[in-house]
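# Summary of structural features
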Amino acid sequence: MLDELAVLVDTTADRVQTDGWSICPCGEGHGQDGADVGTLSVMRHHAALARDLREQFGG
């Protein structure tokens, strides 16, 4: 399950980074680009954390 989580979070981060996805679901342009960029590092960190937890507890 942690591997699936990591893949989904990384895939979403990839879409935000390369395909212009936004973390804001409203579809309106209101300056969320900065938030989207800032979210990428958090998403990457969460994916890495899920992988680390799997290694620690799941082997």
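Above this text you will find the structure in question.
The structure contained in this document is the topic of the report that follows. All of these numbers come straight from a predicted model, not from anything done at the bench.

## Describing the environment of Q17
Relative to the helices and strands, Q17 resides in helix 1 (residues 2–19). Sequence-wise, Q17 and V7 are 10 residues apart; in three dimensions their C-alpha atoms are separated by 15 Å. Apart from the residues within four sequence positions on either side, Q17 is in contact with L40 and R44. At 3.0 Å, the side chain of Q17 and the side chain of R44 are in polar contact.

## Let's talk about the environment of A48
Within the fold, A48 resides in helix 2 (residues 33–57). A48 sits 13 residues away from A35 along the chain, and the two C-alpha atoms are 20 Å apart.

## What about the nonpolar core?
In terms of nonpolar packing, the biggest core is built from eight residues, these being A6, V9, A13, V16, L40, M43, A47 and A50. Elements that contribute at least two residues to this core include exactly helix 1 and helix 2. Residues contacting L40, with those up to four places away along its chain left out, are A13, V16 and Q17.

## What to know about the pattern of salt bridges
One pass over the full model with this rule turns up six salt bridges. R44 is the salt-bridge partner of D14, the closest N and O atoms lying 2.7 Å from each other. Taken together, the positions of D14 in helix 1 and R44 in helix 2 put the pair 30 residues apart, joining distant regions of the chain. Note on D14: relative accessible area 36%, which makes it partly exposed. By relative accessible area, which is 27% here, R44 ends up partly exposed.

## A few points about the environment of H45
Structurally, H45 is set in helix 2. Under the relative-accessibility criterion, H45 is labelled exposed at 51%.

## Here we look at helix 2
Here helix 2 spans 36 Å end to end across 25 residues, near enough to the 36 Å set by a 1.5 Å rise per residue. The largest bend along helix 2 reaches roughly 25° and is located at T39. Those residues of helix 2 lying buried are D36, T39, L40, M43, A47 and A50. Those residues of helix 2 hidden inside the fold are in contact with helix 1.

Criteria and thresholds
- Residues numbered from 1 in each chain as written.
- Predicted model: local features only at pLDDT ≥ 70, side-chain atom pairs only at ≥ 80, totals over all residues.
- Heavy atoms only, no water.
- Helix = DSSP H or I, 4+ residues; strand = E, 2+ residues; numbered from the N terminus.
- Contact = heavy atoms within 4.5 Å.
- Polar contact = N/O pair within 3.5 Å; in protein donor to acceptor, adjacent residues only side chain to side chain.
- Core = buried A, V, L, I, M, F, W, Y, C linked by side-chain atoms within 4.5 Å.
- Buried < 20%, exposed > 50% of the residue type's maximum accessible area, 1.4 Å probe, protein only.
- Salt bridge = Lys/Arg side-chain N within 4 Å of Asp/Glu carboxyl O.
- Expected span 1.5 Å × (residues − 1).
- Bend = angle between axes of the 7 residues up to and from the residue.

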